[in-house]
Amino acid sequence: MVTNTLIRYVKKAYTNFATHVYDVPPRMLAFLILIIIANLPFMGIPTDRLAIFTTANLIAILAVSWDLLVGRTGQISLGHALFYGVGAYATALLYKYLSWPWWTTIPLSIIIGVGVALIIGIPCLRFKGPYLALVTMAFPLAIVGFFYYYRDIFRGETGLSVKQIFTPPIVSYSQRPIANYYLSLALLTISSIIIYKIATSKTGIVFVSILDDELGSKACGINTTKYKLLSFAISGLFGSLAGAFAAHLTGSANPRYFIEKTALIPTEYSLVPIIATILGGIGTIYGPIVGVYIYYTLNSYIFQYVISGVDQPTRILVFMAIIIFLIVKWPRGIARTIVEKLEDLQEPREVEEILKEKC
């Protein structure tokens, strides 16, 4: 009896995989890429360098949430690192001063991140275009100034120390990078699926209508203010999720999550999501993930370890030349272009077959 039930479930799973993944070239490609990424620790990469791709997974979550806010709703943000930093500092403060475990501090930090998104979203709704971008960039600057002023609480430049999730005897020190990588990959996979489902739902359609024609959306009776705030809240949720886990995986929360103190400019946590989204394909949700992996593979792995003999100015020049070439060559995004080419290979199906799947 149990064997027959198991066989039935296996057959059903195989049928669903063949119908919804194998027969759809873009999804099959995504599935193969996921398998490759999942096997990175076994592809000869030293465990101490897996931290690069762990960071890439967390920044990819931030980039996908930025894509939902900007690429799907049209609310331009240049200070998206705010949510990342709020998530990291919220969980660090709860751990340091209340000694709460990570499974308690992370959910609370996510709630705090959503609250911050709503608080800054309300005044930001009065601005549009470049004015909105400048306002969002100002918030991380203000918060870092607040942290430096109350350095007794926030520990200034050094930041706050946090207990890591994987510690002996649960995971040995040598295996911690692998555990961190797989946890970050699981978070990226789950977060991307959820955001993709939101983007393709009725709510996502409303987001796109606001992006295309906000005045027309208002004329159709859509409460654009509510949906723009909702977009800020969802984006803040996943941004703070990434930041909270980043703090517990790296063991610290510091002001670099917000800005570079010496130059008073947004850090990579604000700039990389923008570069990666444009590189992969804005408004696609899956594009930022591809863009982040291209960015970190080039900048933090190849140029740091593979061609380590090249001096820093030359590395930066070559890296920027490659990024500019990729953006000029594929202005709609690398991932978007590949997916569109693969969709052309997909065989057309009968209407009856499509209706049968939906039923």
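Cut-offs used in this document
- Residues numbered from 1 in each chain as written.
- Predicted model: local features only at pLDDT ≥ 70, side-chain atom pairs only at ≥ 80, totals over all residues.
- Heavy atoms only, no water.
- Helix = DSSP H or I, 4+ residues; strand = E, 2+ residues; numbered from the N terminus.
- Rg over C-alpha atoms; globule rule 2.2 N^0.38 Å.
- Buried < 20%, exposed > 50% of the residue type's maximum accessible area, 1.4 Å probe, protein only.
- Areas by Shrake-Rupley, 256 points an atom, 1.4 Å probe, with all protein chains shown as cover.
- Lys, Arg positive; Asp, Glu negative; His and termini not counted.
- Charge placed at Lys NZ, Arg CZ, Asp CG, Glu CD.
- 1 Å grid on protein atoms, 1.4 Å probe; cavity = no way out; pocket = protein on both sides within 12 Å on 5 of 7 lines; lining within 4 Å.
- Points joined across faces, edges and corners; volume = space filled by probe spheres on them.
- Phe/Tyr/Trp six-rings, centres within 6.5 Å; stacked < 30°, edge-to-face > 60°.
- Lys NZ or Arg CZ within 6 Å of the ring centre and 35° of its normal.
- Core = buried A, V, L, I, M, F, W, Y, C linked by side-chain atoms within 4.5 Å.
- Contact = heavy atoms within 4.5 Å.
- Salt bridge = Lys/Arg side-chain N within 4 Å of Asp/Glu carboxyl O.
- Expected span 1.5 Å × (residues − 1).
- Axes fitted to C-alpha atoms, helices over the stretch in contact; angles between N-to-C directions.
- Parallel < 35°, antiparallel > 145°, perpendicular 65-115°, else oblique.
- Left-handed = near helix turned anticlockwise from the far one by under 90°.
- Nonpolar A, V, L, I, M, F, W, Y, C, P; charged D, E, K, R; others polar.

1. Brief notes about the overall build of the protein chain
Within the protein chain, the secondary structure is distributed over 16 helices and four strands. The C-alpha radius of gyration of the protein chain comes to 22 Å, within 12% of the 21 Å expected for a compact globule of 359 residues. Structurally, the protein chain occupies a C-alpha span of about 65 × 55 × 50 Å along its principal axes. The buried share of the protein chain, reckoned over its 359 residues, is 46%. Summed over its atoms, the accessible surface of the protein chain is roughly 18800 Å², and 67% of this surface lies on carbon and sulfur atoms. Averaged over its 28 positive side-chain charges, the protein chain has a centre that lies 8 Å from the centre of its 19 negative ones.

2. Thoughts on the layout of surface pockets
When its volume is computed, the largest pocket comes out at roughly 1800 Å³. Secondary-structure elements contributing two or more residues to the lining of the largest pocket are helix H1 (2-22), helix H2 (25-38), helix H8 (176-199), helix H13 (287-306) and helix H15 (334-345). Take the lining of the largest pocket: its biggest share by element is nine residues, from H2.

3. Concerning the packing of aromatic side chains
For the coordinates displayed, the defined rule picks out 13 aromatic pairs. Summarising the aromatic geometry, the rings of Trp102 and Trp103 are spaced 6.0 Å apart at their centres and angled 80° between planes, so their arrangement reads as edge-to-face. Taking the relative accessible area as the measure of exposure, Trp103 reaches 57% and is therefore exposed. Seen from their ring centres, Phe146 and Phe147 are 6.3 Å apart, and the 55° between their planes marks the pair as tilted. Take Phe147: its relative accessible area is 9%, and that puts it in the buried class. Taken together, the ring pairs in this structure connect Tyr89, Phe146, Phe147, Tyr149, Tyr150 and Phe154 into an aromatic cluster. Sitting over the ring of Tyr9, Arg8 keeps its end group 6.0 Å from the ring centre. Here the basic side chain of Lys96 rests over the ring of Tyr97, its NZ or CZ set 5.9 Å away from the ring centre.

4. Some thoughts on the nonpolar core
Residues Phe53, Leu58, Tyr84, Tyr181, Val292 and Tyr296 are the most contacted members of the largest nonpolar core, which totals 70 residues. Of the residues forming this core, the biggest block, 12 residues, is contributed by helix H3 (residues 50-72). What Leu58 contacts, discounting residues up to four positions off in sequence, is Tyr84, Ser184, Leu187, Ala242, Phe245, Ala246 and Leu249. Ranked by size, the runner-up nonpolar core spans 13 residues in total, among them Trp66, Leu82, Leu132 and Phe232.

5. Looking at the pattern of salt bridges
Counting across every chain of the model gives three salt bridges. Here Glu214 ties to Lys228 by a salt bridge, and the two come within 2.8 Å at their closest N and O atoms. Taken together, the residues span a long stretch of sequence, with Glu214 in helix H10 (residues 214-219) and Lys228 in helix H11 (residues 224-250) at a distance of 14 residues. Neither Glu214 nor Lys228 differs from the other in exposure class; each is buried. Each of Lys128, Glu214 and Lys228 takes part in one network of salt bridges that share partners.

6. Describing H11
The terminal C-alpha atoms of H11 lie 39 Å apart, and with 27 residues this matches the ideal 39 Å at 1.5 Å per residue to within 8%. The buried count for H11 comes to 22 of 27 residues, which makes it a mostly enclosed element. Where H11 terminates, the next one or two residues include Gly251, which has phi positive at roughly 90°.

7. So, the packing of helix H9 (residues 202-212) against H11
Their axes nearest at 10 Å, the elements H9 and H11 cross at an angle of 110°. Here H9 is positioned roughly perpendicular relative to H11, judged by the angle of their axes. Here the hand of the crossing between H9 and H11 comes out left-handed. Facing H9, whose interface residues are Thr203, Val206, Phe207 and Ile210, H11 presents Thr224, Tyr227, Lys228, Leu230, Ser231 and Ile234. Within the contact of H9 with H11, the residues separate by chemical class into six nonpolar, three polar and one charged.

8. Comments concerning the environment of Ala117
Summarising the element assignment, Ala117 is placed in helix H5 (residues 102-124). Judged by its relative accessible area of 0%, Ala117 falls in the buried class. Between the C-alpha atoms of Ala117 and Leu237, which are 120 residues apart in sequence, the distance is 8.1 Å.

Shape descriptors only; they carry no functional weight alone.
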